Amino acid sequence: MFESGALDQVDVVSFHPYALHPDGVMRRIDAVRSITSEYGFAGELWITEIGFPSWDWYSGSRGEIRQAEYAVKILLGAAIRSIRTIFWYELLDPGPTERTSGVWWIENHFGIARSDHTTKPAAHACSLVGRFVPGSRYSPDCLSIEAFLVGKIEVLPFVKPDGTTALFLWAKRRETIRLWIEGEVADLLEYQMYTGETRPFVQHDRLELSRDPRLVTFVAQEGPVTVRVSRGGSR
């Protein structure tokens, strides 16, 4: 189809990049981007279905927490790859909630809310991504990360036109860091990704990073802002 010029007649290519881990999802996104670019496609890529269940061998013992972790990493990974449209599968578990056997049983647990309409951690996590990422610009140029930490942690900054900046952070393994912002900023907050709760963020305090994403936000005032990240024992 591509070789016959089909891409000249479409505005959007949609696909379902399911994988067992966010890294696998990103590889599939990159592969689709590479193939469509090879044929000169300049339109948008849409993910018209992606999700992750909160129970069964997919998520293991971490269950709903792993679902939330993977949701954040998939949504942010897609965002920095200029994917602006994502359909998440799905909003609500259809039930029943009993642990039954059968290959299709896992389909009962892809919701970010349970069948009784109570929210899972993924609902809060997706809400925070939806609050801070749409309408923002991915801005890695504002980062200064100590060389020792490169490849061990992820820090993804998203900046809105009004200066509201969201820093999503996690580590491949546990790491203790210090984070401070050079420049004139206000309203420093840290959000608990899986509950939505907030607390004031104190610069230079040690942050314990794990594979579970953390979120720090601030509002830049005037002039440039640099976000510096170092090991927990240095400054």
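Residues numbered from 1 in each chain as written. Predicted model: local features only at pLDDT ≥ 70, side-chain atom pairs only at ≥ 80, totals over all residues. Heavy atoms only, no water.

Participant: Please explain the packing of aromatic side chains as it appears in this structure.
Facilitator: Geometrically, a pair of aromatic rings is defined through the distance of the ring centres and the angle of the planes. Under the defined criterion, the tally for this structure stands at five aromatic pairs. Ring geometry for Phe 132 against Tyr 191: centres 5.4 Å apart, planes inclined by 70 degrees, an arrangement best described as edge-to-face. In this pair, Phe 132 is assigned in helix H3 (residues 121-132) and Tyr 191 in strand S9 (residues 185-191), connecting sequence segments 59 residues apart. Exposure remark for Phe 132: the relative accessible area of 6% places this residue in the buried category. Tyr 191 sits in the buried class, given a relative accessible area of 7%. Following the ring pairs from residue to residue traces out a cluster consisting of Tyr 138, Phe 158 and Phe 168. (Phe/Tyr/Trp six-rings, centres within 6.5 Å; stacked < 30°, edge-to-face > 60°. Helix = DSSP H or I, 4+ residues; strand = E, 2+ residues; numbered from the N terminus. Buried < 20%, exposed > 50% of the residue type's maximum accessible area, 1.4 Å probe, protein only.)

Participant: Is there a simple way to explain the packing of helix H1 (residues 22-38) against helix H2 (residues 63-80) in this structure?
Facilitator: Helices that pack against each other are described as a pair by the angle of their axes relative to one another and the distance between those axes. Viewed as axis vectors pointing N to C, H1 and H2 meet at an angle of 25 degrees, and their least axial separation amounts to 9 Å. Taken together, the axes of H1 and H2 are roughly parallel relative to one another. Pair H1 / H2 crosses with right-handed handedness. On the side of H1, the interface is formed by Pro 22, Val 25, Met 26 and Ile 29, while H2 contributes Tyr 70, Lys 73, Ile 74, Gly 77 and Ala 78. (Axes fitted to C-alpha atoms, helices over the stretch in contact; angles between N-to-C directions. Parallel < 35°, antiparallel > 145°, perpendicular 65-115°, else oblique. Left-handed = near helix turned anticlockwise from the far one by under 90°. Contact = heavy atoms within 4.5 Å.)

Participant: Is there a simple way to explain the packing of H2 against H3 in this structure?
Facilitator: Axis separation between H2 and H3 bottoms out at 8 Å; the angle between their running directions is 20 degrees. When the axis of H2 is compared with that of H3, the two are roughly parallel. Of the two elements, H2 crosses H3, and the hand of that crossing is right-handed. The residues of H3 that touch H2, namely those facing Glu 64, Ile 65, Gln 67, Ala 68, Ala 71, Val 72, Leu 75 and Leu 76, are Pro 121, Ala 122, Ala 125, Cys 126 and Val 129. Looking at the contact of H2 with H3, its residues break down into eleven nonpolar, one polar and one charged. (Nonpolar A, V, L, I, M, F, W, Y, C, P; charged D, E, K, R; others polar.)

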